[in-house]
Protein chains: 2
Amino acid sequence: MTDLTKVVLQDSEIPEAWYNIQPDLPSPAPPVLHPGTHQPIGPDDLAPLFPMALIMQEVSQDRYIDVPGPVLDVYRMWRPTPLYRARRLEKALDTPAHIYFKYEGGSPVGSHKPTTAVPQAYYNAQEGTRRLTTETGAGQWGSALAFASAQFGLDCEVWQVAISFDQKPYRRTLMEIFGATVHSSPSNLTEAGRKILAMDPNSTGSLGIAISEAVEAAAGDPTTKYSLGSVLNHVLMHQTVIGQEALKQMELFGETPDLLVGCTGGGSNFAGLSFPFIKEKLAGKIDPTIRCVEPTASPSLTKGVYRYDFGDTLGMTPLVKMHTLGHDFIPDPIHAGGLRYHGMAPLVSHLKELGVVEAEAIGQVECFEGAVRFTRAEGIIPAPEPTHAIASAIREAERCRESGESKVILVALCGHGHFDMGAYRAFLDGNLEDFEYPEEKVREAMEKIPAVA
Amino acid sequence: MTDLTKVVLQDSEIPEAWYNIQPDLPSPAPPVLHPGTHQPIGPDDLAPLFPMALIMQEVSQDRYIDVPGPVLDVYRMWRPTPLYRARRLEKALDTPAHIYFKYEGGSPVGSHKPTTAVPQAYYNAQEGTRRLTTETGAGQWGSALAFASAQFGLDCEVWQVAISFDQKPYRRTLMEIFGATVHSSPSNLTEAGRKILAMDPNSTGSLGIAISEAVEAAAGDPTTKYSLGSVLNHVLMHQTVIGQEALKQMELFGETPDLLVGCTGGGSNFAGLSFPFIKEKLAGKIDPTIRCVEPTASPSLTKGVYRYDFGDTLGMTPLVKMHTLGHDFIPDPIHAGGLRYHGMAPLVSHLKELGVVEAEAIGQVECFEGAVRFTRAEGIIPAPEPTHAIASAIREAERCRESGESKVILVALCGHGHFDMGAYRAFLDGNLEDFEYPEEKVREAMEKIPAVA
């Protein structure tokens, strides 16, 4: 153990390969099924939407896949990211626990998202794609893809949920600074959008509708592809540079984590930090507790059911086996927009079923209380999503204060909250409320999911 | 020369002493005068407002002053800051110039300001101060002092110009997250505020009024002191860790700058990067051009007069010899709030008179054009203030494209623009305008300045 505050690595220390957890799993994750035939889908089914390199990564059994040079060149704009010891927070909590955090907020758009957006844009550019489409809610993912597209000369078109487009203009501005075209969704540009507007001309939109629009725009044009910011295997794999860096940095700190915590929406941030540590755990070298933290308002891992369901609200995607609240789940309006999703990445869900990772749900008021304590101590304002991981770490540190244990806790701090100050304003003004997702709603939702033999 | 994208330094490489330029000046800067007697002021005159350690630093002739250990401990939360080679911008500009930038946006509040706020809070805490007061416009400086005060257990009270308090709630939220109390200025809490409100109950405030309120609140209470974020010698000196780090980083890149550019409002960002290079220049070791860049709307160095004037609008402060537009200068509403000041740091003014540094004024539309080009290439959104330095660097890089010269340009990128997206929105919508400060206004303003023999 050292007295360092942080460990920073040089350009040359960015991992040169992504870690693919699939060959190391005790049993393989169930296959993705065609929504019509309920048979496993093949590469050709996905080819209209994704470049072949990403489709191959999705099903690869190679343990490591090289990061292409041009992707490394872009990663160097902000990677490796720093790993900090939160000494001031430990002191404020009067805990014997050692709290570390891996911080992804220094990226071009302030979150871990560009770490997958960049290779996705690269492989698309390699295979001749000219335009990428995607959906975005508050804009975290849309801005990451806008940045990445700019690096490889691709056009980027983003369908942003109407209510965010109108009420949160700052991330839209960010996407436009990077040269992207942003549409309010539902839009008149797609069949899906026009259908919704015909039913409700004042629709404020949803992520499900925006996905349908972005997918439709890509499927109808051979030089356009679609890009997704979480859930899929290749997306999670790209994020593993985070955990590989953290393994090295923890070693330089001279400590081994007893607990890893990361927030989970689709699962990519959590997977990015944890999968390289899970590799060591499955190999019997270390034995940390590995914990997903989700909002009580969107508790797919703690209250959802593990079964085949659609990835989108309208039921257009393949069926994936995952923890789900049902694909027509409508989340309460919590501030952690990135965690308001009905399902969980199949790989994270599978690890939960195997007992390799555990899950906890926390309400947003406790999360923001923890975030303010964290910011006063550490000087970094977390995005609403990672406040869930911070709150869980604080719970653990407080248990250590009672028990006297010096547990080593590693937190995935996946982004800053500079574009979420409205949420902090609401917290400081006492205007935040908690939401509990009722069990009976989950049971109702399950009835609408197609049964898979 | 290397092929690195950035050079990051470790915790242990933070400079352990501040560089004081005063003993190295070819001639001393003129003394600060008492506003009544027009005689040089002594330490006792400043004691009601500042702790003695800072007053002594203000007049010190020591070339280096040690950074206290507890200040270094806080610096380690974000320092050393990275130095980048802007290879993608060079490519986008098709220039043979080599463009580097030293980035201060990774600090707790996103600018260079905490680098002086922290030692100011520390020395105050050491000498028994319980509360710090200050003024702020958009909130850059107020949030830095709020953060620093939280680190040393001081209360922090900020008078924020009313129009920003109402229209830009995000930095106020940031100050409150760090535990500061923020008042809309003019307020009912001070004699100065009540006077203004009696004349105009709907006053939207000004930096000059806010200074008067913060100074009055400090002067009337022995456990309260006042804190200033720029202009003064000790403030500029604290920022010199920036330039010392950059000297080392440029050496690791294997290059020597031909041009340094920094934006100037009060002068602290510019001084922070440039003074350690000026030391080398005055010693004859290097010979870069060193350029201040200011807005055409607030051109103290390019259109102002070098003479004794007040630091505040109401004429309560000592008289300092500086480039000034007159202390009752009312700046046009440009977005670079931190550059809307009538005077310039006495040390920077003196160096300008000596011909050691030069100055240039640029309009905000060109600055934002440059900023968008920069962001698309480099992935970092600059605050409105450093867009001035970027615009000047782009001008130079374009001249290099014509001349074929491979000049090495080093830019002071003093903060990010995450809280200034409204300005970018206005730029993208074509709603930004330029302002030119008319010469005759400067001549009129000079008549209101007391004549000093």
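Criteria and thresholds
- Residues numbered from 1 in each chain as written.
- Chains lettered and ligands numbered in written order.
- Predicted model: local features only at pLDDT ≥ 70, side-chain atom pairs only at ≥ 80, totals over all residues.
- Heavy atoms only, no water.
- Pairing = 2+ DSSP bridges.
- Helix = DSSP H or I, 4+ residues; strand = E, 2+ residues; numbered from the N terminus.
- Buried < 20%, exposed > 50% of the residue type's maximum accessible area, 1.4 Å probe, protein only.
- Contact = heavy atoms within 4.5 Å.
- Least-squares fit on C-alpha atoms with pLDDT ≥ 70 in both.
- Salt bridge = Lys/Arg side-chain N within 4 Å of Asp/Glu carboxyl O.
- Disulfide = S-S within 2.5 Å.
- 1 Å grid on protein atoms, 1.4 Å probe; cavity = no way out; pocket = protein on both sides within 12 Å on 5 of 7 lines; lining within 4 Å.
- Points joined across faces, edges and corners; volume = space filled by probe spheres on them.
- Nonpolar A, V, L, I, M, F, W, Y, C, P; charged D, E, K, R; others polar.

Draft legend 1. Inspection of the sheet that holds strand S14 (residues 358–362) of chain B at higher detail. Residue and element names in this part refer to chain B. Taking strand neighbours across the sheet as the criterion, the seven strands line up as S1-S4-S5-S15-S10-S11-S14 in an open arrangement whose pairing is mixed. In this open sheet, the two strands that pair with only one neighbour each are strand S1 (6–7) and S14. Here strand S10 (residues 259–263) pairs with strand S11 (residues 289–295) via five bridges, running parallel. Each bridged residue has a counterpart across the sheet, and for Leu259 the counterpart in S11 is Thr289.

Draft legend 2. Expanded view of the environment of Val8(A). Within the element layout of this structure, Val8(A) appears in the loop between strand S1 (6–7) and strand S2 (17–19). For Val8(A), a relative accessible area of 14% gives the class buried. Sequence separation of Val8(A) and Leu252(A) is 244 residues, and the distance between their C-alpha atoms is 9.9 Å. Excluding residues within four positions of it along the chain, Val8(A) makes contact with Pro82(A), Val8(B), Leu9(B) and Gln10(B).

Draft legend 3. Focus on the relation of the copies chain B and chain A. Each copy superposes on the other: chain B lies on chain A with an RMSD of 0.0 Å after a rotation of 180 degrees and an axial shift of 0.0 Å. Accordingly, the operation relating the two chain copies is best matched by a two-fold axis. Considering only C-alpha atoms, the residue of chain B closest to the rotation axis is His418(B), which sits at 3.1 Å. Take the interface residues of chain B: 100% of them recur as interface residues in chain A, which is what a same-surface contact looks like.

Draft legend 4. Molecular detail of the pattern of salt bridges. All names here are of chain A. All told, the structure shown has 54 salt bridges over all chains when counted by the stated rule. Linking Arg291 and Glu396 is a salt bridge whose minimum nitrogen-to-oxygen distance equals 3.1 Å. Taken together, the residues span a long stretch of sequence, with Arg291 in strand S11 (residues 289–295) and Glu396 in helix H17 (residues 387–403) at a distance of 105 residues. Each of the two residues, Arg291 as well as Glu396, counts as buried. Between Arg401 and Glu402 there is a salt bridge, and its shortest N-O distance comes to 3.7 Å. What makes Arg401 partly exposed here is its relative accessible area of 35%. On the accessibility criterion, Glu402 (63% relative accessible area) is exposed. Linked through salt bridges whose partners overlap, the residues forming this network are Arg291, Glu358, Glu360, Glu366, Arg395, Glu396, Arg399 and Lys407.

Draft legend 5. The state of the cysteines, seen in detail. For the structure on display, the rule yields zero disulfides over all chains. Free of any disulfide, Cys400(A) has its nearest cysteine sulfur in Cys367(A), 19 Å distant.

Draft legend 6. Focus on empty space enclosed by the protein. Inspection of the entire model under this criterion finds six cavities of 30 Å³ or more. The volume enclosed by the largest cavity comes to roughly 780 Å³. The wall of the largest cavity is formed by 41 residues, among which Pro82(A), Tyr103(A), Gly106(A), Tyr103(B) and Gly106(B) lie closest to the centre. Considered class by class, the residues forming the lining of the largest cavity number 22 nonpolar, 14 polar and five charged.

Read these as geometric descriptors, not functional statements.
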